[in-house]
Amino acid sequence: MRIDMANERERVIEDGPGHVNDRGLPMPEADSIIDSIPAMVAFMTPSGELEQVNRQILDYIGIPLDELKNWQASDTLHPDDLPSVSAAWMHSVSTGTPYDIEHRIRRADGVYRWFHVRGLPVRNSEGTITRWCVLQVDIDERRRDKVLIAKALAEVSSSEERLRGIIDAVPGFVWSASPEGSVGFVNRRWCDYTGMSLEEACGDGWVASIHPDDAPGLGGYWQALLHSGDAGEYEARLKRFDGIYRWFLIRAVPQRDETGRIVRWYGENTDIEDRKQAEAFLAKARSELTHLARVASLGAVTASIAHEVNQPLAGIITNASTCLRMLGADPPNVDGALETARRTIRDGNRAADVINRLRALFSKKSITIENVDLNDAAREVIAMLLGELQRNGVVLHPRFAEALPPVRGDRVQLQQVILNLIMNAVEAMSSITGRARELIVSTGQEQDRSVYLAVKDSGTGVDPQDMERIFNAFYTTKSSGMGVGLSISRSIIEHHDGQLRASAHDGPGATFAFSIPNADNREACDRVMENH
Ligand code: ADP
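An unreviewed UniProt entry annotates the chain as histidine kinase of Pseudomonas kribbensis. Under the UniProt heading Catalytic activity (unreviewed entry), the entry covering the chain gives this text: "ATP + protein L-histidine = ADP + protein N-phospho-L-histidine."

Right, let's get into the site of the ligand. Around the ligand there are 19 residues in total, and N424, T476, T477, K478 and L486 lie nearest to it. For the ligand, an oxygen atom lies 2.9 Å from a polar atom in the side chain of N424. In the environment of the ligand, an oxygen atom lies 2.6 Å from a nitrogen or oxygen atom belonging to the side chain of T476. When the ligand sits alone it has 520 Å² of accessible area, and the protein chains cover 93% of it. When residues of the shell around the ligand are traced back to their parent elements, those giving at least two are α14 (411-429) and α15 (485-495). Among the elements that line the shell around the ligand, the one with the most residues is α14, at three residues.

Strand order in the open sheet formed by five strands is β12-β14-β15-β17-β16, with mixed pairing between adjacent strands. Of all the strands in the sheet, the pair left with one neighbour each is β12 (394-399) and β16 (499-504). With strand direction ignored, the average angle separating the axes of adjacent strands in the sheet is 15°. Summarising the sheet, β12 and strand β14 (residues 437-445) pair through six bridges and their orientation is parallel. By the bridge assignment for β14, R399 is matched with S442.

A separate point is the confidence of the model for the chain. In this model, the chain carries an average pLDDT of 82, and 82% of its residues clear a pLDDT of 70 or more. In this model residues 1-25 is a low-confidence stretch, pLDDT under 50, and it forms 48 contacts with partners more than four residues away in sequence or in other chains. Within the model, pLDDT remains below 50 along residues 528-532, and this stretch shows zero contacts once partners closer than five positions in the same chain are excluded.

This part covers a nonpolar patch on the surface. Residues L327, V334 and L338 make up a contiguous nonpolar surface patch of about 260 Å² in total accessible area. You can see V334 is positioned in helix α12 (residues 334-364). What makes V334 partly exposed here is its relative accessible area of 45%.

Counting residues in hydrophobic clusters, the biggest one holds 43 residues, and the most contacted among them are L374, I418, L421, I422, L439, F512 and F514. Of all the secondary structure elements, the ones that give two or more residues to this core are α13 (374-391), α14, β14, β15 (451-457), α15, β16 and β17 (510-516). No other element matches the 10 residues that α14 contributes to this core. Not counting residues up to four positions away in its chain, the partners in contact with I418 are A377, A378, V381, L453 and F514. Judged by nonpolar contacts, the second largest core, of 23 residues, contains C191, W222, L226 and I250.

In this approach, a probe sized like a water molecule rolls over the atoms, and the result shows the empty space that is left. Approximately 710 Å³ is the volume found for the second largest pocket. What lines the second largest pocket is a set of 26 residues, among which M44, G48, L50, A73 and T76 lie closest to the centre. Taken together, the elements giving at least two residues each to the lining of the second largest pocket come down to β1 (40-44), β2 (50-53), α3 (55-61), α4 (65-70), α5 (73-76), α6 (82-95), β3 (99-106) and β5 (129-138). Here the element with the most residues in the lining of the second largest pocket is α6; it accounts for five residues. Split by residue class, the lining of the second largest pocket holds 18 nonpolar, six polar and two charged.

The subject of this paragraph is unusual backbone geometry. Residue P331 is bonded to the preceding D330 through a cis peptide linkage, with omega at -5°. Of note, P331 is situated in the loop between α11 (273-328) and α12. For A403, which is not glycine, the phi torsion reads 50° and is therefore positive. With respect to the element layout, A403 can be found in the loop between β12 and β13 (407-409). With phi around 70°, R449 is a residue other than glycine that occupies positive phi space.

Moving on to the environment of R275. Tracing the chain through its elements places R275 in helix α11. You can call R275 partly exposed: its relative accessible area is 37%. For the pair formed by R275 and W247, sequence separation is 28 residues and the distance between their alpha carbons is 9.0 Å.

Attention now goes to the packing of aromatic side chains. Tallying each qualifying case throughout the model produces 10 aromatic pairs. Measuring from centroid to centroid gives 5.3 Å for Y193 and F248, while their planes differ by 75°, and the two rings are edge-to-face. Of this pair, Y193 sits in helix α8 (residues 188-194) while F248 sits in strand β9 (residues 245-256), and the two are 55 residues apart along the sequence. The pair formed by Y193 and F248 is uniform in burial state, with each residue classed as buried. Chaining the aromatic ring pairs together yields one cluster made of W89, Y99 and W132. One cation-aromatic arrangement involves R143 over W114; the distance from NZ or CZ to the ring centre is 3.5 Å. Residue placement shows R490 over the ring face of F471; its charged tip is 3.8 Å from the ring centre.

A few words on the sheet that holds strand β4 (residues 112-123). With antiparallel pairing, the five strands of this open sheet are ordered in space as β2-β1-β5-β4-β3. At either end of the open sheet lies a strand with only one pairing partner, and these are β2 and β3. For this sheet, the mean angle separating the axes of adjacent strands, direction not counted, is 30°. Two elements, β3 and β4, share eight bridges in a ladder whose sense is antiparallel. Looking at the pairing, Y99 lines up with G119 of β4. In the packing of α6 onto the sheet, the strands contacted are β1, β3 and β5, and the crossing angle to β3 comes to about 140°.

With respect to the helices and strands, D214 occurs in the loop between α9 (198-201) and α10 (215-228). D214 sits in the buried class, given a relative accessible area of 9%. Engagement of the side chain of D214 in a polar contact is seen with the backbone nitrogen of R237, the distance being 2.8 Å. Ignoring anything within four residues of it in the chain, the contact list for D214 reads Y234, A236, R237 and W247.

Thresholds, definitions, all that
- Residues numbered from 1 in each chain as written.
- Predicted model: local features only at pLDDT ≥ 70, side-chain atom pairs only at ≥ 80, totals over all residues.
- Heavy atoms only, no water.
- UniProt positions renumbered as here; feature names shortened; annotations may be inferred.
- Near = heavy atom within 4 Å.
- Polar contact = N/O pair within 3.5 Å; in protein donor to acceptor, adjacent residues only side chain to side chain.
- Areas by Shrake-Rupley, 256 points an atom, 1.4 Å probe, with all protein chains shown as cover.
- Helix = DSSP H or I, 4+ residues; strand = E, 2+ residues; numbered from the N terminus.
- Pairing = 2+ DSSP bridges.
- Axes fitted to C-alpha atoms, helices over the stretch in contact; angles between N-to-C directions.
- pLDDT = per-residue confidence, 0-100.
- Contact = heavy atoms within 4.5 Å.
- Patch = residues over 30% accessible without salt bridge, like charges linked within 9 Å, V, L, I, M, F, W, Y side chains within 5 Å.
- Salt bridge = Lys/Arg side-chain N within 4 Å of Asp/Glu carboxyl O.
- Buried < 20%, exposed > 50% of the residue type's maximum accessible area, 1.4 Å probe, protein only.
- Core = buried A, V, L, I, M, F, W, Y, C linked by side-chain atoms within 4.5 Å.
- 1 Å grid on protein atoms, 1.4 Å probe; cavity = no way out; pocket = protein on both sides within 12 Å on 5 of 7 lines; lining within 4 Å.
- Points joined across faces, edges and corners; volume = space filled by probe spheres on them.
- Nonpolar A, V, L, I, M, F, W, Y, C, P; charged D, E, K, R; others polar.
- Phe/Tyr/Trp six-rings, centres within 6.5 Å; stacked < 30°, edge-to-face > 60°.
- Lys NZ or Arg CZ within 6 Å of the ring centre and 35° of its normal.

Written out as structure tokens, the structure is:
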């Protein structure tokens, strides 16, 4: 039941001064004053009995004062708060000390709200307590906010802890910096790795951990990122606590507010030492492989040539010295000398025979004849040589003809020729400065429908009078050259019924090209030969 407070108040005022109103207040002025306090106020007897209340209490509880006086504390207080409230109240009443407690009070509609309740003893001139004045301030919302804030704070701190846990568990290093680039945080792993403390790393202290060769480059890059506001990444070496450097990929990303202003930089460093080492090994391995492939095939050929030629050469030298001895005798043995001179010539011819036989042998050695797509064959060789080309600063332009007919031949031997031509071109450009080192590998069909592959470079070029000489065995202009590459390549191509030529072209450099009858033509040719 609610009380009509307006009527109640009117009645009090009508009572006029000097009367006690029906709520027990001594004067209507006092009644109106305590009614205007924006809190619930109650007056209790020295022994703790309810004496007077203001209208806020009646309004809140929803019953008249007479009824309220007969109510038990348990009728208005939350059962959970009852023990602590009665203990505090008993203590204050028995000792006369102020009463100060927070508890819930039931509203007229049955809802409990939190109140801050303070009881102060009112004493007379002798110091005796005449009544208790109890102030009840609604703190329900504040308390709810407080609880919410406490809960939120607990969550924030636990999520912060979780976040820190995650950041520390990240396998890489995590850091953050101010919009100006001053580092304010590095995770524990970063500290464990570098042996530096968070305080030491902050600001630009972290620079001490960067390899001296990488620090200026990284510093410049970081400044450029701070200036442009772009995300970026940089590879640099970081010093471990024991002085060992490892390669890291350092990434930085800006975090922006809704206006687009950078509020923070976040970074992450990933250990890429293993990748770096694998890369270095793979480059090296590829160039060694190429070199080995060349040396192995050329080495085997030259060793067998040396062995075969050695015998007739030894004979020539023996015969020549016998001849000299015979001519120098007294009297000179002219017949004997003539005979040994004839044998010298015979041995010379034998040596030449051996070379010719070897070339023939080499070109006739067991080979696999199949349809070969020169585009594919060349692509494979180029793929193998990409590292070599890059290292030598060579820019490759492949110009492969579409729908190129296959040729009949030995794929490996033809690839050996392509490899030789490309490596010669790379070597011819190795001393070139001041112009691009350009390599064009092209394929196509000649008018007679044979298929060609050309390797054009921008290197030193070939002197016109040396155009044929360079194909001779053991002709080389290189200090470490063997001079057999072109000679063997020509043997291979001739064995495929093709031709290998060198030519000059407009501008610097040389072009080496071979052409081979295409597979269809070859088959037609073979059939004609069989029929005759
Ligand atoms: P090597 O490369 O061992 O000298 P080669 O028979 O492959 O043996 O080449 C013989 C010579 O031909 C080289 O020493 C070089 O003088 C010349 N030559 C070959 N290819 C080129 C080229 N692309 N440009 C200029 N000269 C070349």
